[in-house]
Amino acid sequence: MEGRWTAASLLLALALGSFQAADAGNELKLDQALLTVQNHLPDNISLYYVSDYCYQCLYQLLVSLDHKGASGTANASVAVSTRFTLTLQVFAGTNTTTTPVCRWSELFGEHGQYTVSVWSTPSGHNDTAISCILSVDKGPVNGYIPLLVAAAIFLCATALYFLGLYACKLSCTKKCMNAVTLKKHPSRNDAAPAVHGSLKDDQPKSRRLLSLDTFRGFALTVMVFVNYGGGGYWFFEHAPWNGLTIADLVMPWFVFMIGTSVALAFSAMLKRGVTRLQLLRKITWRTLVLMVIGLCFLNYGPADGPLSWSWARIPGVLQRLGFTYFTIALMQTCFGKNTQDCETQAWWAPVRDVVLYWPEWVVVGLLETLWLSLTFLLRVPGCPTGYLGAGGIGDHGRYPTCTGGAAAYIDKWLLGENHIFGYPTCKELYKTTVPFDPEGILGTINSILMAFFGLQAGKIILLYRKQPSSILKRFVVWALLLGILSAILTKCSRDEGFIPVNKNLWSLSFVTTMSCFSFLVLGVMFYVIDVKHWWGGQPFLFPGMNSIFVYVGHSLLGSYFPFNWEMKSWTSHAEPLAQDLLGTSIWVLVAYLLYRKKFFLKI
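A short tour of the structure in this document, coming up.

Definitions and cut-offs
- Note on numbering: residues in each chain are counted from 1, in written sequence order.
- For a predicted model such as this one, the threshold for reporting local features is a pLDDT of at least 70, and the threshold for listing and counting side-chain atom pairs is 80 or more; totals across whole chains, interfaces and linings nevertheless cover every residue.
- Remark: hydrogens and water are excluded; side-chain values derive from all non-hydrogen atoms of the structure.
- Secondary structure elements are defined from DSSP: runs of H or I of at least 4 residues count as helices, runs of E of at least 2 residues count as strands, and each element is numbered from the N terminus.
- Accessibility here uses a 1.4 Å probe with only protein chains present; expressed as a share of the type maximum, an area under 20% marks a residue as buried, one over 50% as exposed, and anything in between as partly exposed.
- Whether two residues touch is decided by their heavy atoms; if any such pair falls within 4.5 Å, the residues are in contact.
- The definition of a nonpolar core used throughout is a set of buried Ala, Val, Leu, Ile, Met, Phe, Trp, Tyr and Cys residues joined through side-chain atoms within 4.5 Å.
- By definition, two strands form a pair when at least two bridges between them are found by DSSP.
- Between N-to-C directions, angles cover 0 to 180 degrees, with each direction set by a line fitted to C-alpha atoms, over the stretch in contact for helices.
- With respect to orientation, any angle under 35 degrees is reported as roughly parallel, any angle over 145 as roughly antiparallel, any angle of 65 to 115 as roughly perpendicular, and every other angle as oblique.
- Crossings are classed by handedness, with left-handed meaning an anticlockwise turn of the near helix from the far one by less than a right angle and right-handed meaning a clockwise turn.
- As a working rule, the residues Ala, Val, Leu, Ile, Met, Phe, Trp, Tyr, Cys and Pro are called nonpolar, Asp, Glu, Lys and Arg charged, and the rest polar, with Gly in that last group.

As a further point, take the overall build of the chain. Looking only at helices and strands, one finds 18 helices and 8 strands in the chain. Every one of the 603 residues in the chain was classed for burial, and the buried ones make up 49%. When contacts within the chain are restricted to residue pairs at least 6 apart in sequence, those whose partners lie at least 24 apart make up 73%.

Right, dumping it as structure tokens:
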């Protein structure tokens, strides 16, 4: 039954191909529109623009036109972005410091064709007024149709899957299956079902938390999809600077689940009598393996040639996950307790999941104090203290080389500019020219805080494992507390808060927001999968139980067929979406086959 999920995506790859033909002759790329500017004035004009997503950014020149010629008009065409609303200004003459003659905001449609005509019209008393008229020459296409088709196929497959499960549980279906089974095995006697039933009842039930594996697999599946391109949709890419997109959710979820997994795994090992010295050896080995894989295998692509230390990137996703795991696991090794010894009737029993682990709270509090002090008090040459902006043309162009503030300064000081990421997500929108690493040193402190909240979730599950309602209540309380803290830190805005939500910096508000989401998502999955048993977690359960294999495999093989091929045209989302869904589905299928073979790669 689980294999049908991949089959549906394979059919989708063929079905979406029909949407590409409509734009085959269009030279515009994805998320672009064509804007033609017509100058009917006797003076030169200049058209400037700024994206509304770019915070306090300088206007950029889009096109400049000479005065009208003998034909009475001067024309120029240029491609504009359709991702975010653009604010445009028209200046007449060569002086752009004067008031613009026209100013308006527009969200252009994908592959639409527009014309802006700049005219002078008499306004009385020998005066003239300048007007700008925007007209639509060709309507935009609906670039979301392929995504809607994909969503419809996915929902239909999901509905069929659950309908099949429901049908299998009906009494009439069971009678038919039993009848068929008896016909195939006539030698069975009537006592056989009772014997098998008693054996099944005597078997110990698995205590593995399926919701955690499902959550991990869901995050990994989304990560594979967005890493492969997300069909070319902007909301499947990381936010340029402040704010959140779908792509920004997956890594924090992984970090959160690291903490939850550490709590559950260490509790089981302590019950088995594993010593703390053995735990220390295990976490050290696992950390080293993760960092070596991240540094040596995922640091470059096949087209880059041999790995050279002169340009090798030292930070990375696995490096951060490894160090975060080591810190959280080390705290649990030093201060962790056997949950069987944590039963108490004291007055603080309702909050024993916090009180019993006060040394860990002290450590995390010191780490967060360190992050706040370095972020807001460290003096960065040429930059204001406590700067959290993207630099470039942001903040009215006053701090062009201050991208990331203290976080970037620490990385450059300790690692060097050649060993950090040179193409940050803000580079295109904010026109930045300096490197910045989203997996840098300072942000790792807050990833430890994120994992600590996941550790807290694991402790709640362990301490209240016999009371599912208490687990859910505590998850909701934690989500509310973290959500309120996020609202205070951000002032419920994207850019105007005390500490904006920023995945590049792993800001404090980003951690509290994502931890709030994590408690809610894990709580819902825990209720549906482990409490009510309405869903077994398929198909996300399979990659969740082989996360290292799938992550490393999709990273190393992502540039090869069938995960990637040469596009016939980049003018439609159909083929990129089909390619990315097919690649993601293949890894889900691989994880399913490994699950059937009971092969689980562990470090």
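Before going further, it helps to examine the nonpolar core. Formed by 120 residues in total, the largest nonpolar core has its most connected members in Phe266, Ile328, Tyr430, Phe453, Phe475 and Phe519. One finds Ala33, Val37, Val63 and Leu86 within the second-largest nonpolar core, a separate group that totals 21 residues.

Two strands in a sheet stick together by hydrogen bonds in their backbones, pointing the same way (parallel) or opposite ways (antiparallel). Taken together, 4 strands build an open sheet; the order of strands is S3-S2-S5-S6 and the sheet is antiparallel. Two strands bound the open sheet, and with one partner strand each, they are strand S3 (60–65) and strand S6 (102–106). Averaged over all pairs of adjacent strands, the angle between their axes in this sheet comes to 20 degrees, without regard to strand direction. For strand S2 (residues 45–51) and S3, the ladder comprises 5 bridges, and the chain directions are antiparallel. When the sheet's bridge partners are listed, Tyr49 is paired in S3 with Gln60.

Across the interface, helix H13 (residues 441–463) lies against helix H15 (residues 508–531) with an axial gap of 10 Å and an inter-helix angle of 25 degrees. In terms of axis orientation, H13 runs roughly parallel to H15. Once H13 is placed against H15, the crossing between them reads as right-handed. Two secondary-structure elements touch here, H13 through Asn446, Leu449, Met450, Phe453 and Ala457 and H15 through Leu508, Val511, Met514, Ser515, Ser518, Phe519 and Leu522. Residue composition of the contact of H13 with H15, by class: 9 nonpolar, 3 polar and no charged.

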